[in-house]
Amino acid sequence: MAVEGRSGSGKTTLAAALAAEIAAPVVRMDDLYEGWDGLLAGVHRLVEWVLSPLARGRPARWRRYDWERFRYAEWHEARGVDALVVEGVGSGARQAWPYLSGLVWLEADDAVRRARALQRDGEMYAPHWERWAAQEERYYAAHDVRSRAGIRIVTG
């Protein structure tokens with residue numbers, strides 16, 4: 001199951017609640033991106049490190065990106081899972097689609113999203129907001145995630 005939407009739309013909150021309800025681990029796209037310009041690299045890593053291995057009956061292994069040191073850090077693993085929740089921009093990419101049991105799209109007004117994101121991540125995110133938004137624009141234009149979502153929720 002993937003929980004998608006633009007930055008600040010509420011993906012992390014919904015994914016945590018959903019994962020708790022179905023007793024599933026959460027894989028955060030924030031852990032897979034390779035920095036502020038790494039949205040598409042994160043999609044590649046999601047498929048290569050997480051979804052494809054699980055589909056073949058193998059454990060998912062992914063490295064967490066360290067946003068303070070600007071490099072990948074420790075490995076994480078999920079093995080023998082019946083369900084998995086992936087949250088973040090890129091989780092519903094076309095490459096991930098064959099592996100997903102469902103896709104949820106969250107949306108909110110731009111001002112609401114920005115306020116939420118800056119409240120959550122503070123000033124670390126502020127100088128990168130436009131840079132990240134431009135990647136989101138290109139990604140959503142190419143992957144048309146919203147129209148493929150089985151559930152669409154307006155969060156603000």
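Everything below is about the structure printed above this text.
Residues numbered from 1 in each chain as written. Predicted model: local features only at pLDDT ≥ 70, side-chain atom pairs only at ≥ 80, totals over all residues. Heavy atoms only, no water.

(A) The packing of aromatic side chains, seen in detail. On inspection of all chains with the given rule, the structure shows eight aromatic pairs. An angle of 75 degrees between the planes, with centres 5.1 Å apart, marks the rings of tyrosine 65 and tryptophan 67 as edge-to-face. For tryptophan 67, a relative accessible area of 17% corresponds to the buried category. Measuring from ring centre to ring centre gives 5.0 Å for tryptophan 105 and tyrosine 140, while their planes differ by 85 degrees; the resulting arrangement is edge-to-face. Residue tryptophan 105 is located in strand S6 (residues 103–107), and its partner tyrosine 140 is located in helix H4 (residues 129–143); the two are separated by 35 residues in the primary sequence. In this pair, the class of tryptophan 105 matches that of tyrosine 140, namely buried. Grouping aromatic residues by their ring pairs yields a cluster made of Trp36, Trp49, Tyr65, Trp67, Tyr72 and Trp75. The cationic tip of arginine 148 hangs over the ring face of tryptophan 97; the distance from NZ or CZ to the ring centre is 4.8 Å. (Phe/Tyr/Trp six-rings, centres within 6.5 Å; stacked < 30°, edge-to-face > 60°. Buried < 20%, exposed > 50% of the residue type's maximum accessible area, 1.4 Å probe, protein only. Helix = DSSP H or I, 4+ residues; strand = E, 2+ residues; numbered from the N terminus. Lys NZ or Arg CZ within 6 Å of the ring centre and 35° of its normal.)

(B) Quick peek at the packing of helix H3 (residues 110–121) against H4. Closest axis-to-axis distance for the H3/H4 pair is 12 Å, and the angle between their directions is 125 degrees. By the angle class used here, H3 and H4 are oblique. The interaxial crossing formed by H3 with H4 has right-handed handedness. Contacts between H3 and H4 pair Arg113, Arg114 and Ala117 from the former with Trp129, Glu130 and Glu136 from the latter. When grouped by side-chain class, the residues that make up the contact of H3 with H4 number two nonpolar, no polar and four charged. (Axes fitted to C-alpha atoms, helices over the stretch in contact; angles between N-to-C directions. Parallel < 35°, antiparallel > 145°, perpendicular 65-115°, else oblique. Left-handed = near helix turned anticlockwise from the far one by under 90°. Contact = heavy atoms within 4.5 Å. Nonpolar A, V, L, I, M, F, W, Y, C, P; charged D, E, K, R; others polar.)

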